Structures are given as C-alpha cells and as structure tokens.
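Structural description and commentary
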Amino acid sequence: MASTGTLQFHPISFQLPIWASKHSNLVELRPEFGLSSGGVNRSRLKPYRKLLVVRAVTGSAGCGGEDQNHLDEPVVKSERLTVTVKDRVAKFHGMISSFPPLVFVMNRYSGRNFAIGLCIATAILFITVRAYAARKLKYSRPGSVADLVRRGQLRSDRRGISSPLKYEDPFNNPLVKVGKNNSTIEMCGKVYRLAPITLTDEQQTIHQKRRSRAYQWKRPTVFLKEGESIPPDVDPDSIRWIPANHPFATTASEIDEDMAQNNVNQKHGVPFRIRAEHEALQRKLEALQIEQKLNNLVIDPRNAKDFERPFKEHPRSREQIEQSPFNHQTGDSMPPKSDGAPPISFESKSSSEETQKL
Amino acid sequence: MLSLHHHHHHHRFLHFTPPFSKPLNPKTLKPPKKPAHKIHALLQYNRKPQLAGDTPRVVVITSGKGGVGKTTTTANVGLSLARLGFSVVAIDADVGLRNLDLLLGLENRVNYTVMEVLNGDCRLDQALVRDKRWSNFELLCISKPRSKLPIGFGGKALVWLVDALKARQEGSPDFILIDCPAGIDAGFITAITPANEAVLVTTPDITSLRDADRVTGLLECDGIRDIKMIVNRVRTDMIKGEDMMSVLDVQEMLGLALLGVIPEDSEVIRSTNRGYPLVLNKPPTLAGLAFEQAAWRLVEQDSMKAVMVEEEPKKRGFFSFFGG
C-alpha cells in the first residue's frame, strides 16, 4: 500500500515543479502550458504503470512464487489506480486552468516583492557600509584622541580627569534596578534574589559579650625591648615586648616627640630639619669668615687660577685632558707635564692631525 | 542703591564676624538641606548621601587576615567617597608593605611620607599626594618601604596627624580612611589608635572569619564600637551550590552589621594591575557598583537590609532577541 500511496501522490508532486518552473518566469506562456502539461502527464503516466506492475511482480517473487493470484491483483489495482490518477490529473488540470488569474496576480506581486526586497537589501547594505566607514574614519582620523590612544600616546584608561558620575545614586541607576516587590535586584544585567537581613540588636549584643569574654585585651601603650626593665608606674598589661630581631626594634627613639609633633603641625614655611640644616651651614660659614679662613680661601692663588683658566688643575682635570687633548692648544699658559699619560694622548693627537692633513 | 549695597556689605560683615560660629561645610551641605528637601526628592539622580556623624570621620579598614582586600576596599571606597563630593584622606598605615599607592596609581608621586614630616624634612601638606582624577582625594603614606618607624611611636604620630588634618587651613577632611596592615601586631595597634569606627573586611571562609572575629574583639576592647563588615569575594554561584558560606551565615557567625557585599569580579585584578580603582571604570562593573553602594552606606552610617543570595534567570522580554 505504501507504494500505491507514493504513486498516488507522484503525479501531483511531479506536476508542481513543472508548473512552477514554467510559470516562475513567463506569464505569456500560460495558454500553451495547460495543453503541454496535460500532454506530458498522459505520456508520462504509461511508464509509471509499467513500473508499478514490474515492481509488484518482483515484490511477490521475492516473497515466493506460489501465489500467482497475488500477482494478478496488483495489476488490477494498478488499472484502478491509473483511472484514479487520470481523474486526479484531469482535476488538477482543471484546477490549473482555473488558476490563471491567481497566478497572474501572484506573479505580479512577486515582481513587486522582489523590487521591494531589493530596495531593502540595498538600504541595509548601504547602512552597513556607511556605519563601517564611519567607524573606520573615527579610528583613523589623524590627530583625534582615539588616534592618539591607538598610537599609544595617550592611555585610554587614565587620560585626564575622569568624568563625573552620570548617576550619583548607586542604588537606582541604569545598571542597578530593584525589582517591583523588593525581592529581586538587577545588577549589570543579572537578576539576583534578595534575602532580608535577620540580625537583631540582641544578637549583636550577644556576640559582643561573647567576644569580650573571649578576647581580653588592652592596647599596649608601652613598648619595651626584651631585656629592658619595667618602669615603676606602668601597667604590665599595657606593655608590648618587642623581640630583639623585630624590624622596628632597632630604631628605638631617635625622634624627639615634641619636635615631631611640632613638625606635624607646621603649616607654613621651611620644614624644620631643612631650616636647621640651613642655619647650621650659615653659622659655619659665618664662623669661617670670622676666622679669616674664608678670606684666605678667596685669595688663594690656586682658586684664582680656577676662575682665569678654562680648565681646572685638579686631579679630575687630568681626566678631562685625556678626554679632550685639544684643550692644550687653546690653553696657552699651561706647560704640559709629562706624567706618562699625557704623552700618549699627544701622540694620538698628532697622529690624528696627520691623518687629517693627509 | 549705594546705601543698599552698603547695607548688604554690612550684613555680610556682621554675618562673618562672630569668631566662634562654626563655618558651614560647603560639601556636606547640612544646614541648607532642609529648604532644598523637595528638590532633592524630585531629582533622584542628583541626590547626595547625607553625611552622618562628626567630621572628620576616622575609619580604620582592617581584617586581621592578609589578602582579603583591605587595600582594595580602601582605594575603592575612598575614591567613591571623593566622587560623592567628600574630601578624603587615605592613610596607608601599612608601614613595611605599603600597596595603596600602587592600587591608586600614585606610586610615582609619593616623595615624602609621614616619616619625613616627623623628622622635619617636609611639611604635612607636602606629604599629602593629591589624586589628579579626584582632587578631593589625598593619599598619605606612613613611611618608605625601607625606612623604619620607631615602634610604639606610630600611634601617637597618627593621632597628631589626624589633629593636624583637622586644623589645616582648607578645612578638615570629611573622611580619614586608614588602611590597616594585616595581623594584630604593632602596625595594627598604630592604625587603630586614632580611629572612631572600623570597617572589617572579610571573605566568606573560615580562616578569615576567625581572624575577623578576633580583630573585632580587639577593636571592641579598644573602645571602637562602630564596627561594620564588608564581605568580599562572594560568589553567588558557589553559595547556591553550598560550596561557600552565604553572607547571612557570615553575619550569623560574626554578629556585625553589613556595610557591603562585594561579589567576586575579575575586573578587580585588572584594575589593581592598572593602578586604576574599580569604581572609576566606565562602564561600571559589578564589584565597582557594590563598592559605591558600600561607600554610600558608610556616609549615611547605614547598613544593608537585604543581601543578594543567588542569581535568578532573567526573564527575557519580547525584544530581548534584538539585544535588549
């Protein structure tokens, strides 16, 4: 029965593609179509009937050759079937012949649809291309901030001062929304269920009492190194013993506390230490001036030479000489002392002069 | 006209003459708040947290255990407070192992520390490092990593510092946040000395909870009663699978009011590496938002009334297909 079923539907399913293919492109061909398709149908049906018979025979042969009457039955059936198929084809043909206006209308509409579709597709394409181009332009516009960021001149994350908040309420903003009945909250696109806090003040006090029993502590105010003796008027509970190898144990009390407090409270002027150092230097200088040492220092011929000459006669100056031997020619008054190193430099200098001349 | 003008001047003069009248803090806007109340109700997005308590509020951020996020909390809460318009001084009291400057990206600008101030090498205002992103945020480091502060001296020094900040010319800061070192050693004692209130940072695991409980006990012994906790690195997915203690479990164990719950967020590490605190990120991230909320509650001396427990599948709208 399954095969008959397929046969029954086959003509129709066969017809449709032809009809579709013929009619999808040409409207004018319609009058011929009715005839031609009918012709095709009739001529095509014969092979089908044969095929069915053959199939039925082979099928029964496969089962066993004994029941010949079974073999006849399908033939009869197929005859009946051809009749039904013929009926159907005729019906279908009639149907098709009744179609023309509809097909014509459909065709007309499909053409318009195509045009509309094309327009939409073009528009979408245009928008996409434009957006892409705009984005490209945004990133590549030379000299823009985005361009600077791209080239690594600016850090995108910390350029300038960050802008003030758009929202100032962290509980009600586009990213945080409390649900209608306060049982949910939406944060950053995720919905969370809320559970109420159940901690009461009594529970809090119970915990405080528990802790006060468990941890009895007095903040240490006196810090003593191990081995030191306890001062007489000090509560032993408030002493913290510092092991000798503690990193902070080495610096006991270099800082004068009163002075430190003054320093913390100083609001204007030169910081204390710097002023003290400055004053100390000043005093030293004055003392030197009084002792006339400074005067000697000024008149000192060696120092005077320093100001006159372009180079200094110090142990360091020799290095300078080594580095730049040309200074000797410009500095006329200085007779070069041959101490080993200078001659080498002179030789090298002369050789370089020779090479330059050559 | 002239007389009116003169009168006006006179009035202003009179207004400013009483030497002991308390100057209005322009940032907290406490006295003008009452007449402007209606406007505040209308402008939801421009509302400001009401500053509760006396300024400066000296808050120590501590945990006991190391690595739970004290410094991250200090940086993010501090900058959130600065963004909300309060002047903040963050003191890195971690003497030997300071990190707050790195987290804030200010490591190259720390020239002077409190040590130099105490020695008299610089003034206090020279040691305060002003953040360029938020100019009402200042960083103060106790010492250079290699220098040594005399033990037992730090506490006093911090009290002096707080007093000096109170008395400075541009006005007392609204918040002084002290980033406490880990442990309960001398550094801890130094850090908690000037504090009036404490923020306890903990993660939902037993090691940090035990330390947190102990530290809370020590703080209470020291007379700091206003202690709130921030539960850091919470993973709702693990709580749902009962692999992690829930925030409510943590609260049951410690019995402290909740200032904030910070979900685990990979952005935290990224922002640490960049030296750019999370709360300045645009668009804001989950943890950044949570830090902002915590800062808001800190200002208002409020605590959480409900906590996020688990993630619910979001109900998708009809147009969510289009990226809604």
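Everything numeric in this text was worked out from a predicted model, so none of it was measured. (Residues numbered from 1 in each chain as written. Chains lettered and ligands numbered in written order. Predicted model: local features only at pLDDT ≥ 70, side-chain atom pairs only at ≥ 80, totals over all residues. Heavy atoms only, no water.)

Some thoughts on helix H11 (residues 247–254) of chain B
All names here are of chain B. Formally: Relative accessibility decides the category of a residue: with a 1.4 Å probe and only protein chains considered, values under 20% of the type maximum give buried, values over 50% give exposed, and everything between is partly exposed. Note on conventions: DSSP H or I runs of at least 4 residues are helices, E runs of at least 2 residues are strands, and numbering of each starts at the N terminus. The directions considered for the arc are those from the helix axis to the C-beta atoms.
Of the positions making up H11, those classed as buried are Val-247, Val-250, Gln-251 and Leu-254. Along the axis of H11, the buried residues cluster in a sector spanning 100 degrees; they form a single face. Count one or two residues on from H11 and you reach Gly-255, which has phi positive near 65 degrees.

Details of the packing of helix H3 (residues 70–83) of chain B against helix H13 (residues 286–300) of chain B
A pair of packed helices can be characterised by two numbers: the angle between their axes and the separation between those axes. Residues and elements named next belong to chain B. To be explicit about the condition: Here an axis means a line fitted to C-alpha atoms, over the contact stretch when the element is a helix, while the angle between two N-to-C directions is reported on a 0 to 180 degree scale. Should an angle fall under 35 degrees it is taken as roughly parallel, and over 145 as roughly antiparallel, whereas 65 to 115 is taken as roughly perpendicular and any remaining angle as oblique. We call a crossing left-handed when the near helix sits turned anticlockwise from the far one by less than a right angle, and right-handed when that turn is clockwise. Contacts were defined at the residue level, with two residues in contact if any of their heavy atoms lie within 4.5 Å.
As a packed pair, H3 and H13 sit with axes 9 Å apart at the nearest point and diverge in direction by 70 degrees. What the angle tells us is that H3 and H13 run roughly perpendicular. Between H3 and H13 lies a crossing of right-handed hand. Contact with H3, carried on its side by Thr-72, Thr-73, Asn-76, Val-77, Ser-80, Leu-81 and Arg-83, involves Phe-291, Glu-292, Ala-295, Leu-298 and Val-299 of H13 and no other residues of that element.

Focus: the confidence of the model for chain B
All names here are of chain B. Convention followed: A score between 0 and 100, pLDDT records how confident the predictor is in each residue.
Put simply, chain B has an average pLDDT of 81, and 80% of its residues get 70 or more. In the model, residues 1–44 has pLDDT below 50 throughout and makes 22 contacts with residues more than four positions away in sequence or in other chains. Overall fold confidence (pTM) sits at 0.60, and the ipTM for the predicted complex is 0.76.

A word on the sheet that holds strand S1 (residues 176–178) of chain A
Sheets are built from strands that pair by backbone hydrogen bonding, the pairs being arranged parallel or antiparallel. Heads up, the condition is: Only strands that DSSP links by at least two bridges are regarded as paired with each other.
The four strands lie next to each other as S1(A)-S2(A)-S3(A)-S9(B), forming an open sheet whose pairing is antiparallel. Each edge of the open sheet carries a strand with a single partner, namely S1 of chain A together with strand S9 (306–312) of chain B. On average, each strand axis in the sheet is tilted by 30 degrees relative to the strand beside it, whichever way the strands run. Where S1 of chain A lies against strand S2 (residues 184–187) of chain A, three bridges are found, and the strand directions are antiparallel. If you follow Val-176 of chain A over to S2 of chain A, its bridge partner there is Met-187 of chain A.

Quick notes on the pairing of strand S7 (residues 226–234) of chain B
All names here are of chain B. Operational definition: A clockwise course of the path from the first strand over the helix to the second, judged with the strands pointing away from the viewer, identifies a crossover as right-handed.
For S7, a buried count of seven out of nine residues is recorded, marking the element as mostly surrounded by other parts of the structure. By the bridge criterion, six bridges tie strand S6 (residues 197–202) to S7 in an arrangement that is parallel. When the sheet's bridge partners are listed, Ala-198 is paired in S7 with Ile-227. Once you follow S6 into helix H9 (residues 206–221) and on to S7, the crossover reads as right-handed. Where S7 meets strand S8 (residues 257–263), five bridges bridge the pair, whose relative direction is parallel. Across the sheet, residue Val-234 finds its bridge partner in S8, namely Pro-263.

Comments concerning the confidence of the model for chain A
Residue and element names in this part refer to chain A. Mean pLDDT for chain A: 65, with 42% of residues reaching 70 or above. The element-level mean pLDDT for chain A is lowest in helix H12 (residues 327–330), coming to 42, with helix H6 (residues 201–214) highest at 93. Here residues 1–68 scores under 50 on pLDDT; set against residues more than four positions off or in separate chains, the count is 52 contacts. Segment residues 315–358 is flagged for pLDDT under 50; beyond a separation of four residues in sequence, or across chains, it makes 15 contacts in the model.

Comments concerning the packing of aromatic side chains
Definition in use: Aromatic pairs are defined between Phe, Tyr and Trp rings, using the six-membered ring for Trp, whenever the two ring centres lie within 6.5 Å; interplanar angles under 30 degrees are classed as stacked, those over 60 as edge-to-face, and all others as tilted.
Counted by the stated rule, this structure contains three aromatic pairs over all chains. With centroids separated by 6.0 Å and ring planes inclined at 85 degrees, the aromatic side chains of Phe-171 of chain A and Trp-296 of chain B adopt a geometry described as edge-to-face. Remark: Trp-296 of chain B occurs in helix H13 and Phe-171 of chain A occurs in the loop between helix H5 (145–150) and S1; the pair is interchain, linking two chains. Judged by relative accessible area, which is 23%, Phe-171 of chain A ranks as partly exposed. Accessibility expressed as a relative area gives 2% for Trp-296 of chain B, which makes it buried.

Observations regarding the pattern of salt bridges
The following threshold applies: Should a side-chain nitrogen of Lys or Arg be within 4 Å of a carboxyl oxygen of Asp or Glu, the pair is scored as a salt bridge.
What the rule picks out here adds up to 21 salt bridges over all chains. Residue Arg-211 of chain A pairs with Asp-213 of chain B through a salt bridge whose shortest N-O separation is 3.1 Å. In this pair, Arg-211 of chain A is assigned in helix H6 and Asp-213 of chain B in helix H9, connecting two distinct chains. Here the two residues Arg-211 of chain A and Asp-213 of chain B agree in accessibility, since each one is buried. Lys-218 of chain A is paired through a salt bridge with Asp-235 of chain A; the nearest N and O atoms lie 2.8 Å apart. Here the residue Lys-218 of chain A occupies a position in the loop between H6 and strand S4 (222–225), and Asp-235 of chain A occupies one in the loop between S4 and strand S5 (239–242), the gap between them amounting to 17 residues.

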